[in-house]
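Read off the chains here:
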Amino acid sequence: MAGDIYILGGHQTDFSVNWARQEKTLFDMFSEAVLKGLETSKLDAKDVQVGHVGNFVAELFTGQGMLGGFFGHVHPDFSGMPSSRHEGACASGSLAILGAMTDLESGRYDLACVAGIELMRNVPGKIAANNLGAAIWVGEEAQDASYIWPAMFSDLAEEYDQRYGLKYDHLAEISKINFANARRNPNAQGRTWTFEAESFTANDEYNPVIEGWMRRQDCGQVSDGAAVVFLATETRAQAYADTHGIALETLPRIRGWGHTTAPMLMTTKLQESAAREDGQGYMLPWTRKAITDAYRRAGISGPDDLDVIETHDCFSITEYMAIEHFGLTAPGEAWKAIETGRIGFDGDLPVNPSGGLIGMGHPVGATGVRMLLDAAKQATGRAGDYQVDGAKTVGTFNVGGSGTTNCSFVVGL
């Protein structure tokens, strides 16, 4: 990396809020997140030099595009500031982060605002599901599915089962952990939800099938929300530290990153991974490469050097895959990390102490930014009730589509 990129602060909205029901708009959400981010980070709008926005399908949910133009209405000091929007389905926020990092590393600017945003609860669930289907190869896959993404990730689970064997109990345990973690998080959509014991079993009444392997509790939430982070070069971070009377070493930084793009079709991914690995290796080698590239750039050897993982769990099977692709277990053995309790909140390497997408919520364009913000909080001991004791180094993984866009960061001091 061409110099360190520091995280000066940020803000996340409450993911339980239904903004349309409160008669609030996409702009209201954007404005609140950015202004509260400035306030909590003790930054002035006039000092921010460039803006980046992560968003997937605002045009389909709200009819609104051109989201970078919102900045000038949030604060008059943003008027004229260059901005751009980034789209990579559920990884849109991470792409916005990467875009901002490039701006800072190039020397063009020294302080960037990155906002991830999505408003999705203003339409019926079936319409929301169809809108989100824009991230498949439209007309080429999932044409017979009632719910596109549960069907796509059920196919992934089915292929995994064919290669290695898969027990539903292990998927259910991932969901159970993440919903339990969400109860600690004041911004989590599911923080007050209650469940029966049968809710995390293959019980058709308490946990009905949505598509194939995927049952209700296996699915991430349809959510409204925004997250903002402010990224700075080392020079700007040092000035910030001096102004606020703190040591530069106490500010979290992005120590490593990885980014890959796989073929769009799920069938092509699975065929290619089987051919490349003879059916014995990683299901999604592009995911593995994004994560190991982040490890390499961060100068760490693997998961033993991490204290926390925030990973994409749009479905329980996605986190199951991440356990292996982060290297917690060998391919085909993710169940070991689940059965031993390693990924639990009090485990050796907690996964999604925030609650993840299943427990916290998943406003699509905001998720990658929210993950980075949570990583920064964990690394500096500011995560409140969901703080992992002694956490200093955090890994993230954010995916768009069916494993198409893969982004990973390592955050630490």
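Please refer to the structure placed before this passage.
Parameters and conventions
- Residues numbered from 1 in each chain as written.
- Predicted model: local features only at pLDDT ≥ 70, side-chain atom pairs only at ≥ 80, totals over all residues.
- Heavy atoms only, no water.
- Helix = DSSP H or I, 4+ residues; strand = E, 2+ residues; numbered from the N terminus.
- Rg over C-alpha atoms; globule rule 2.2 N^0.38 Å.
- Contact = heavy atoms within 4.5 Å.
- Areas by Shrake-Rupley, 256 points an atom, 1.4 Å probe, with all protein chains shown as cover.
- Lys, Arg positive; Asp, Glu negative; His and termini not counted.
- Charge placed at Lys NZ, Arg CZ, Asp CG, Glu CD.
- Core = buried A, V, L, I, M, F, W, Y, C linked by side-chain atoms within 4.5 Å.
- Buried < 20%, exposed > 50% of the residue type's maximum accessible area, 1.4 Å probe, protein only.

Moving on, we come to the overall build of the chain. Across its full length, the chain holds 14 helices and 11 strands. For 413 residues, the compact-globule estimate of 2.2 N^0.38 gives 22 Å, and the chain sits close to it at 20 Å. With the C-alpha coordinates aligned to their principal axes, the bounding extent of the chain is approximately 55 × 45 × 40 Å. Long-range contacts, defined as pairs at least 24 residues apart, comprise 76% of the intrachain contacts of the chain with a sequence gap of at least 6. Carbon and sulfur atoms make up 46% of the accessible area of the chain, which amounts to about 15400 Å² in all. Charge-centre separation for the chain: the mean point of 32 positive side chains lies 3 Å from the mean point of 52 negative side chains.

Let us now look at the nonpolar core. Core analysis: the largest hydrophobic core is formed by 63 residues, its most contacted members being Trp149, Ile317, Tyr320, Phe326 and Ile343. When sequence neighbours within four positions are dropped, the list of residues in contact with Ile343 reads Ile174, Ile177, Glu319, Ile323, Leu328, Ala337, Ile338, Leu349, Pro350 and Val351. One finds Leu111, Ala115, Val228 and Phe230 within the second-largest nonpolar core, a separate group that totals 35 residues.

Turning next to unusual backbone geometry. A positive phi angle, near 60 degrees, is found at Lys42, a position not held by glycine. Position of Lys42 among the secondary structure elements: in the loop between α1 (26-41) and β2 (50-54). Relative accessible area serves as the criterion here: at 60%, Lys42 is assigned to the exposed category. Positive phi, normally seen in glycine, also occurs at Ala142, with a value near 55 degrees. Mapping Ala142 onto the fold places it in the loop between α5 (125-132) and α6 (148-164).

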